Amino acid sequence: VMKARVSKVALPWVRYGGRFARVEVAAEPDVDGWTLIEVRFDVEEGALQYALGFGAGLEVIEPLTLRERIVARAQETIEFYHVISPENKKTETDS
């Protein structure tokens, strides 16, 4: 079970965010408009992909291992795009 906070912008999409995501609990929004939810997944990789799909619109609270995997995957993605961005690509004439 993944416990998370969802922004008011992302909330309408949480039930559609993944084929294997089952939203089991949805509380009332807090004063900032964030809603606590619990989502059940068959495998953690599904939870990882689901959470990453919402970007900053969803904050995983538990499990902590999932939070760590999200940070690692986000860093990998940043490095990937930084390396392949046009400004960082070297041409054969640059060598």
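**Q** How would you explain the confidence of the model for the protein chain if you had to name every residue and give the values?
**A** Taken over all residues, the pLDDT of the protein chain has a mean of 87, while the share at 70 or more is 88%. When mean pLDDT is compared element by element in the protein chain, strand β4 (residues 58–62) scores highest at 97, while strand β2 (residues 22–26) scores lowest at 83.

**Q** Describe the pattern of salt bridges, with residues and values.
**A** In total, this model carries 11 salt bridges according to the counting rule given. Here Glu 62 ties to Lys 3 by a salt bridge, and the two come within 3.7 Å at their closest N and O atoms. You can see Glu 62 sitting in strand β4 and its partner Lys 3 sitting in strand β1 (residues 2–6), a full 59 residues away along the chain. Classification of Glu 62 as partly exposed rests on a relative accessible area of 39%. According to the relative accessible area criterion, Lys 3 is partly exposed, its value standing at 34%. Note that Glu 76 is salt-bridged to Arg 73, the shortest N-O span being 3.7 Å. Placement of the pair is Glu 76 and Arg 73 together in helix α2 (residues 64–84), with a separation of 3 residues, close to one helical turn.

**Q** How would you summarise a nonpolar patch on the surface if you had to cite specific residues and measurements?
**A** Together, Phe 80, Tyr 81, Val 83 and Ile 84 make up an exposed nonpolar region whose accessible area comes to about 420 Å². Here Tyr 81 shows up in helix α2.

Parameters at a glance
- Residues numbered from 1 in each chain as written.
- Predicted model: local features only at pLDDT ≥ 70, side-chain atom pairs only at ≥ 80, totals over all residues.
- Heavy atoms only, no water.
- pLDDT = per-residue confidence, 0-100.
- Helix = DSSP H or I, 4+ residues; strand = E, 2+ residues; numbered from the N terminus.
- Salt bridge = Lys/Arg side-chain N within 4 Å of Asp/Glu carboxyl O.
- Buried < 20%, exposed > 50% of the residue type's maximum accessible area, 1.4 Å probe, protein only.
- Patch = residues over 30% accessible without salt bridge, like charges linked within 9 Å, V, L, I, M, F, W, Y side chains within 5 Å.
- Areas by Shrake-Rupley, 256 points an atom, 1.4 Å probe, with all protein chains shown as cover.

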